[in-house]
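These are the residues of each chain, in order.
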Amino acid sequence: MLAILYHSLAKDMDSITLSFYRYVRLENPADMRQTLLVAWESLGVLGRVYLAHEGINAQVAVPAVAMDAFRASVDALEPFAKVPFKIAVQHGPSFEKLRIKVRPKLVADGIEDTSFDVTDVGTHLDAQTFNALASQEDVRIVDMRNQYESRIGHFQDAHLPDADTFEQALPMAKALLGEDKDAPVLLYCTGGIRCEKASAYLKHHGYKRVHQLHGGIIQYAHDVREQGLPNLFRGKNFVFDNRLAERISDDVVSHCDQCSAASDDIRNCANDMCHVLFIQCSTCALAYGGACSDACKQFLALPEAERRAAHAGNAHPTARKGIREHTRYQKGA
Ligand SMILES: [Zn+2]
Ligand SMILES: [Zn+2]
């Protein structure tokens with residue numbers, strides 16, 4: 001028992017969690033998948049990797065002793081040579097195995113135009129140059145994330161597209177920017193990958209001065225702390241793990257979906273059948289038992305057998321529908 005515990009502790013401490021992505025033309029993603037599987041499995045790499053004709057997006061845990069060999073294995077492949085690794089400061093998700101999936105696109109975008117060149121991206125900015133450009137009079141800042149991400153935190157003066165998916169966000173960003181294609185545009189997202197695509201999309205549509213925050217909000221938050229720069233981000237950064245959000249500044253920029261009090265406590269509805277992401281202040285969390293709506297609160301109060309039956313039959317769609325309309329309504333209000 002102790003040996004198992006010790007083993008898993010040692011395993012955690014000795015591995016490095018890192019991520020990288022690159023938009024690059026891959027002629028045969030399925031072949032590349034095989035190449036990576038063979039190379040990385042032999043190094044004991046775990047993680048989740050996506051490949052597409054348009055590139056790679058990887059989040060992996062590499063045994064510390066194999067780190068040099070891993071770097072060499074990546075650099076040996078021409079499309080990925082010298083790709084920057086982003087090393088996680090905290091432990092990321094723990095992976096059970098190495099999963100490499102081939103997908104039509106790295107991030108679903110709805111773009112079918114074959115003349116679109118995803119590698120023709122905007123100018124990358126670091127935290128310092130981002131701050132300098134953001135304070136310029138004619139600049140337009142656009143948040144390329146979904147509404148449930150940008151609600152709880154964003155850069156001051158940023159446009160926030162009311163998008164539920166990245167596919168929706170692209171045309172919304174273009175519509176927000178309008179016909180003036182000469183003014184500087186500043187894009188940002190969580191880790192930078194969506195802005196690669198978004199900046200190429202806007203350039204494709206004639207915007208001449210497109211910039212994006214390199215490494216996204218995650219890198220920005222790190223850099224302003226390390227370098228003592230002014231922090232222009234307000235509130236929390238939405239993250240894709242169990243924490244859901246990371247506080248970047250003390251400002252609370254959003255409101256409880258249920259009572260409209262100032263709150264940026266984002267959570268999943270306690271009803272697993274619903275599981276919607278919403279904002280709930282601590283008072284409402286108590287009153288609703290963590291549920292997003294009366295419908296979900298009532299469902300949670302049902303005898304366990306009834307809830308299980310609903311799970312098994314994947315029934316109770318009304319709760320889901322109810323809250324989707326509910327959060328929509330609140331947001332518009
Ligand atoms: Zn509330
Ligand atoms: Zn719910």
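Trainee: So what's going on with the overall build of the protein chain? Residues and values would help.
Mentor: Broken down by element type, the protein chain carries twelve helices and 14 strands. Looking at the protein chain residue by residue over its 333 residues, the buried ones come to 36%. Considering only contacts within the protein chain whose residues lie at least 6 apart along the sequence, 62% involve residues at least 24 apart.

Trainee: Talk me through the sheet that holds strand β12 (residues 245-247); I want residue IDs and the actual numbers.
Mentor: Spatially, β8-β11-β12 is the arrangement adopted by the three strands of the open sheet, whose pairing is antiparallel. The two strands at the open ends of the sheet, each matched to only one other strand, are β8 (153-155) and β12. Recorded for the sheet is a direction-independent mean angle of 40 degrees between the axes of neighbouring strands. Sheet topology places β8 next to strand β11 (residues 233-238); three bridges connect them, and they run antiparallel. Counted as the bridge partner of histidine 154 is arginine 234 from β11.

Trainee: Requested: an account of the nonpolar core, with residues and values cited.
Mentor: Val49, Val60, Met144, Leu187, Tyr188 and Ala198 are the most contacted members of the largest nonpolar core, which totals 59 residues. Element by element, the count of residues in this core is highest for helix α7 (residues 193-204), at six residues. Of the residues that make up this core, three or more belong to each of domain 1 (2-102) and domain 2 (123-227). When sequence neighbours within four positions are dropped, the list of residues in contact with valine 49 reads Leu36, Ile56, Ala58, Val60, Arg99 and Ile100. Counting 16 residues, the second-largest nonpolar core is a separate cluster that includes Ile152, Cys269, Cys281 and Cys296.

Trainee: Tell me about the confidence of the model for the protein chain, and please be specific about residues and values.
Mentor: Overall, the predicted model of the protein chain reaches an average pLDDT of 88, with 88% of residues at or above 70. Between residues 1-10, whose pLDDT stays under 50, and residues either more than four places distant or in other chains, the model counts zero contacts. Counted against residues more than four places away or in other chains, residues 316-333, with its pLDDT under 50, gives 29 contacts.

Trainee: Now, about the environment of serine 249: what can you tell me, with residues and values included?
Mentor: Considering the arrangement of structural elements, one finds serine 249 in the loop between β12 and β13 (266-268). With 17 C-beta atoms counted inside 10 Å, the residue serine 249 sits in the partly exposed group. If near-sequence neighbours (up to four positions away) are discounted, serine 249 is found in contact with Asn231, Phe233, Arg234 and Gly235.

Trainee: I'd like to hear about the sheet that holds strand β10 (residues 210-213), residue by residue, with values.
Mentor: Strand pairing in a sheet is mediated by backbone hydrogen bonds. Such pairs are either parallel or antiparallel. On the basis of which strands lie adjacent, the open sheet formed by four strands has the order β6-β10-β9-β7 and parallel pairing. Unpaired on one side and paired on the other, β6 (123-125) and β7 (140-143) mark the two borders of the sheet. Direction aside, the axes of adjacent strands within the sheet are offset by 30 degrees on average. Two strands pair when backbone bridges link them, and strand β9 (residues 185-188) and β10 are joined in this way by three bridges, in the parallel orientation. Within β10, the position partnered with leucine 187 by the bridge is glutamine 212.

Trainee: Requested: an account of helix α4 (residues 127-134), with residues and values cited.
Mentor: Those residues of α4 that fall on the buried side of the exposure criterion are Ala127, Phe130 and Ala134. Buried residues in α4, looked at end-on, bunch into an arc of 60 degrees, giving them a common side. For α4, the secondary structure elements touched by its buried residues are β6, β7, β8, β9, β10 and α8 (216-227).

Trainee: Let's hear about unusual backbone geometry: which residues, and what values?
Mentor: Located in the positive-phi region is serine 260, a residue other than glycine, with phi close to 70 degrees. Position of serine 260 among the secondary structure elements: in the loop between β12 and β13. Accessibility expressed as a C-beta count within 10 Å gives 13 for serine 260, which makes it partly exposed. A positive phi angle, near 60 degrees, is found at histidine 275, a position not held by glycine.

Trainee: Can you break down the pairing of strand β1 (residues 15-23) residue by residue, with the values?
Mentor: Sheet topology note: the β1/strand β3 (residues 55-63) ladder contains nine bridges and is antiparallel. Bridging across to β3, isoleucine 16 finds its partner in valine 62. In this structure, β1 lies alongside strand β4 (residues 86-87), joined through two bridges in antiparallel fashion. Bridge assignment links serine 19 to a residue of β4, and that residue is lysine 86.

Trainee: Before we move on, can you summarise the packing of helix α6 (residues 166-177) against α7 with the specific residues and values?
Mentor: At a minimum axis separation of 10 Å, α6 and α7 run at an interaxial angle of 40 degrees. The angle between the axes of α6 and α7 places the two elements in the oblique class. As for the relative orientation of α6 and α7, their crossing is right-handed in sense. Note on element contacts: α7 touches α6 through Arg194, Ala198, Tyr201 and Leu202, opposite Phe166, Leu170, Ala173 and Lys174. Of the residues assigned to the contact of α6 with α7, the class counts are six nonpolar, no polar and two charged.

Conventions used here
- Residues numbered from 1 in each chain as written.
- Chains lettered and ligands numbered in written order.
- Predicted model: local features only at pLDDT ≥ 70, side-chain atom pairs only at ≥ 80, totals over all residues.
- Helix = DSSP H or I, 4+ residues; strand = E, 2+ residues; numbered from the N terminus.
- Buried ≥ 20, exposed ≤ 12 C-beta atoms within 10 Å, placed from the backbone.
- Contact = placed C-beta atoms within 7 Å.
- Pairing = 2+ DSSP bridges.
- Axes fitted to C-alpha atoms, helices over the stretch in contact; angles between N-to-C directions.
- Core = buried A, V, L, I, M, F, W, Y, C linked by C-beta atoms within 7 Å.
- Domains from an automatic or database assignment.
- pLDDT = per-residue confidence, 0-100.
- Arc of directions from axis to C-beta.
- Parallel < 35°, antiparallel > 145°, perpendicular 65-115°, else oblique.
- Left-handed = near helix turned anticlockwise from the far one by under 90°.
- Nonpolar A, V, L, I, M, F, W, Y, C, P; charged D, E, K, R; others polar.

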